[in-house]
Amino acid sequence: MSAPAINNRFLKWFDDRLPVVSFMQHELHEYPTPKNLNYWWNFGSLAGICLVIMIATGVVLAMQYTPHVSLAFLSVERIMRDVNYGWLLRYLHMNGASMFFLVVYIHVFRGLYYGSYKSPREVLWWLGLVILLLMMATAFMGYVLPWGQMSFWAATVITNLFSAFPLVGEPIVTWLWGGFSVDNPTLNRFYALHYLLPFVIVGVVVLHLIALHKHGSNNPLGIPHKGPQDSIPFHPYYTVKDLFGLGVFFIVYMALVFFAPNMLVEPINYVPADPLVTPPHIVPEWYFLPYYAILRSIPDKLLGVIAMFGSLLILFVLPWLDTSKVRSARFRPIYKKLFWVFLADCIILGWVGYNPPEGHFIVIGQIATAYYFLHLLVIMPIVGKVERTRPLPDSISAPVLKGAHKEKA
Amino acid sequence: MASTVHSTAHGAHGDGGTRRDFLYLATGAMGAIGAGLAAWPLVDSMNPSAEVLAVSSTEVDLAPVAVGMALTVKWRGKPVFVRHRTDKEIKEAEDVNVAELRDPQTDKARTEKPGWIVVVGICTHLGCVPLGQKPTDPRGDYGGWFCPCHGSHYDTSGRIRKGPAPKNLAVPAYTFLSDSKVKIG
């Protein structure tokens, strides 16, 4: 199981002074990983790679972008037309945000299915949620930078959310704007923060990994590994598996970038921002649609805002809302079905969020919002108590070695 | 457990290389090539963009520049010195013993027309803009230009004569479109 010793004399000398080589060897090479991880476990490393791609393309885009209301839109068009490979960099960055959210949402739902948030991984889960919140803030501010119509009105609508809070609301919004409407000061600070936050995310990702490596990855069976027979070294087994997943990821990502780069954006964002005209149909980016649906489904302004933020913040107490002793949904016949209902509920919320708030969409949105909170606040605690779980295997190796008991996932 | 896997995978060590070594190197090489290709757009985006290249030449009207006068124009973000030389200045430039120069060049090689000297106004020492375009400027010991930063003296052909600069003032590519119009770049 142990990694080979450091043979190179210089590396040995260096490592004796700054133990980075042995650290890498310990955490990326010999790091014992459950041997039964399936492909849903690829999405953590994919998310990390997304972050690297976003920062790499973002840094060079920042060298070409001008954060001023009268130049921002034109500077983005200049990137598209005049800068060498500017079109590629912008499409990689723009669609990279969508891919990043896709990967992270799959990563989160994997955690939900296999109970990865449960003891002793609660802090790991929290850190993941902090990363998600930071990603949302970063993505929102990045969307404002091209200074198109959607940029401007997204900035207006989202910052106005804070006006819902009584007394402090209005002063907060004025403070966020640096003026009395979304304008140049707003654009400038959003740009500064859009550059800053990804590096904050990098910091939280490091903490996320430290928390992960303390107890190691969860696994599809949700049981702890009980000895060396249950784990394999991370390298080469999972480096290769992650690499294969990366190849598949790139096929999807590049198909989007090269064949449908504008599929996920609203065409009206190619119209320069106009503070005097709101576009008739305001829609956020797809990864915000479910929250947008929750916001709109509650007729009261303040309660709508609280419900929207609450839908995310509630996930911080999920480890305690889920009362089941068993982690993996494989051994939880009722929860397993409810998981898919919950996933469908989130997708329905997204679909409602995409459509205008009219007719039956209002009712569907309200039912789906109610179910979202019902699932987390009521159903999960009760099911965890009353459900009769299936017997857990003795160890990760046991079901394989006995040759029987093949799990249907 | 893992050691068993290792010993089977590295079983055929006889010829010095295994299947796994080959796959490892092939994957590494593929990854390195891919990373290199992916990095190129990032690097190339920092090269001059299309609209920068589009303004890489400048046309200058010389009609208002009388003999003895000078004109500074901006070309690719840099000053270009255009001087309408007097007969005395032309003679001084042509009479120099080329062999004595630090950066030997004849005046003929540095001009299209003897009356006009066109040079990039950037001192070849450390990039300052030399003085000498205005009538009130110091022109150095050789009547051309004088760099105030570290005291380089250039003659009326823009050649380095004294001071730390290693090279003559650069001559940009230019063509006379007519007697009174020149295109730089």
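Every value quoted in this text rests on a predicted model; they were computed, and no experiment measured them.

Peer 1: Sorry if this is basic, but what is going on with the side chain of A:Asn218 here?
Peer 2: All names here are of chain A. Within the secondary structure, Asn 218 is located in the loop between α9 (184-215) and β2 (231-233). A polar contact is formed between the side chain of Asn 218 and the backbone oxygen of Tyr 114, at a distance of 2.8 Å. A polar contact is formed between the side chain of Asn 218 and the side chain of Ser 116, at a distance of 3.0 Å.

Peer 1: Could you clarify how one ought to interpret the interface of chain A and chain B in this entry?
Peer 2: Reports of interface size often rely on the accessible area that becomes lost once the parts have come together. Every contact between the two is made by 18 residues of chain A and, on the other side, 16 residues of chain B. Both sides of the chain A and chain B interface together cover about 1,500 Å² of buried area, and 64% of this is carbon and sulfur. Of all residues in chain A, A:Asp82, A:Asn84 and A:Tyr85 give up the largest surface area on contact with chain B, accounting jointly for 32% of the area buried on that side. Taken together, the links from chain A to chain B amount to one salt bridge. There are six residue pairs in polar contact (both at pLDDT 80 or more) connecting chain A and chain B. Put simply, the parts of the chain that give the side of chain A that touches chain B at least two residues each are α3 (43-62), α5 (86-114) and α10 (234-259) of chain A. The element best represented in the side of chain A that touches chain B is α10(A), accounting for four residues. Here the residues of the side of chain A that touches chain B are counted per class, giving twelve nonpolar, four polar and two charged.

Peer 1: Explanation requested: the pattern of salt bridges in the structure shown.
Peer 2: Where charged atoms from two side chains of opposite charge come close, those side chains can pair. Residues and elements named next belong to chain A. Scanning all chains against the criterion turns up 14 salt bridges over all chains. The residue Asp 322 makes a salt bridge to Lys 118 at a minimum N-O spacing of 3.0 Å. Highlighted residues: Asp 322 in the loop between α13 (318-321) and α14 (333-354) and Lys 118 in the loop between α5 and α6 (122-144), separated in sequence by 204 residues. For the pair formed by Asp 322 and Lys 118, the shared burial category is buried. With a shortest N-O distance of 2.9 Å, Arg 332 and Glu 387 are connected by a salt bridge. You can see Arg 332 sitting in the loop between α13 and α14 and its partner Glu 387 sitting in the loop between α15 (360-386) and α16 (398-402), a full 55 residues away along the chain. What makes Arg 332 buried here is its relative accessible area of 0%. Through salt bridges with shared partners, a single ionic network connects Lys 118, Asp 322, Arg 332 and Glu 387.

Conventions used here
Residues numbered from 1 in each chain as written. Chains lettered and ligands numbered in written order. Predicted model: local features only at pLDDT ≥ 70, side-chain atom pairs only at ≥ 80, totals over all residues. Heavy atoms only, no water. Helix = DSSP H or I, 4+ residues; strand = E, 2+ residues; numbered from the N terminus. Polar contact = N/O pair within 3.5 Å; in protein donor to acceptor, adjacent residues only side chain to side chain. Contact = heavy atoms within 4.5 Å. Buried area = accessible area lost by both parts, 1.4 Å probe. Salt bridge = Lys/Arg side-chain N within 4 Å of Asp/Glu carboxyl O. Nonpolar A, V, L, I, M, F, W, Y, C, P; charged D, E, K, R; others polar. Buried < 20%, exposed > 50% of the residue type's maximum accessible area, 1.4 Å probe, protein only.

All we've got here are geometric facts, nothing functional implied.
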